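This is what each chain is made of:
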Amino acid sequence: MILVVAVLVGLAAGLCRARLRKREYRVYDLKATTLVLLAFIPQFFIFFLPSTRARIPDTTASILFIGSLIVLIVFSLFNIRKPGFWPITGGFLLNALVILLNGGWMPISPAMVQRLLPDTAANAWRVGERLGFSKDIVLLPENTRLWFLSDRFSLPGWLNYQVAFSPGDIIICAGIIWLLWSLGGPMSETQ
């Protein structure tokens, strides 16, 4: 969800920048864009599509998830010279690191689960297990490797939509905003 917000913010900023300077908002060719689709497909089946997410065993889902992250890292490395791709790559690497060190899932603390799902019964989730069909595993901070890189942030409570996100996600968002903002700048910025 926060990645969608980053895309909207970056696109709006880039379009405004182009319009104020009377420039065309450009889109440049990214390398290996089919890798993004290749990375999205397994995540769609393991996290979003109800008919498949319940049938894929957690071990298989974890392997597919890690594989999709590796594909995203490769894509970002192909484009590392474009504006914004250093933080995008760094964020993907941080997320992959904490996921790999915690059994193939992004750790989330019980306190964060309670904050995000206050009306859910405590027996609906268990410490040490995957949280529903999400990418998260519920772990105590003291049992989490690199806890500070886990899904430990959330949106303000006054928003109707609650989601947890990691420092890596924040860095990826900054890179996406930078990338889309740069497209409204002079040609020299996007070469």
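See the structure above.
Here the structure is a predicted model, which means the values were calculated and not measured.

Novice: An account of the overall build of the protein is requested, with residue identities and associated values reported.
Specialist: Across its full length, the protein carries seven helices and four strands. The secondary structure elements of the protein, listed N-terminal to C-terminal, are α-α-α-α-α-β-α-β-β-β-α. Its C-alpha radius of gyration of 18 Å places the protein within 12% of the 16 Å reference for a compact globule of 191 residues. Dimensions of the protein along its principal axes, counting C-alpha atoms only, are 55 × 35 × 35 Å. Intrachain contacts of the protein at a sequence separation of at least 6 include 67% that bridge at least 24 residues.

Novice: Kindly report on the environment of serine 166, identifying the contributing residues and their values.
Specialist: Position of serine 166 among the secondary structure elements: in the loop between strand 4 (164–165) and helix 7 (167–182). With a relative accessible area of 0%, serine 166 lands in the buried category. Residues serine 166 and valine 7, spaced 159 residues apart in sequence, show a C-alpha to C-alpha distance of 17 Å. Once residues within four sequence positions are removed from consideration, serine 166 is found in contact with Asn95, Met106, Leu149, Ser150, Asp151 and Phe153. One polar contact links serine 166 to asparagine 95, side chain to side chain, over a distance of 2.7 Å.

Novice: Give me the packing of helix 5 (residues 85–101) against helix 7: which residues, what numbers.
Specialist: For the pair helix 5 and helix 7, interaxial distance at closest approach is 7 Å and the crossing angle is 160°. Judged by the inter-axis angle, helix 5 sits roughly antiparallel to helix 7. Relative to helix 7, helix 5 is oriented so that their crossing is left-handed. Residues Phe85, Pro87, Ile88, Gly91, Phe92, Leu94 and Asn95 of helix 5 form the contact with helix 7, whose own contacting residues are Gly168, Asp169, Ile171, Ile172, Gly175, Ile176, Trp178 and Leu179. Its residues assigned to classes, the contact of helix 5 with helix 7 comprises 10 nonpolar, four polar and one charged.

Scoring rules and cut-offs
Residues numbered from 1 in each chain as written. Predicted model: local features only at pLDDT ≥ 70, side-chain atom pairs only at ≥ 80, totals over all residues. Heavy atoms only, no water. Helix = DSSP H or I, 4+ residues; strand = E, 2+ residues; numbered from the N terminus. Rg over C-alpha atoms; globule rule 2.2 N^0.38 Å. Contact = heavy atoms within 4.5 Å. Buried < 20%, exposed > 50% of the residue type's maximum accessible area, 1.4 Å probe, protein only. Polar contact = N/O pair within 3.5 Å; in protein donor to acceptor, adjacent residues only side chain to side chain. Axes fitted to C-alpha atoms, helices over the stretch in contact; angles between N-to-C directions. Parallel < 35°, antiparallel > 145°, perpendicular 65-115°, else oblique. Left-handed = near helix turned anticlockwise from the far one by under 90°. Nonpolar A, V, L, I, M, F, W, Y, C, P; charged D, E, K, R; others polar.

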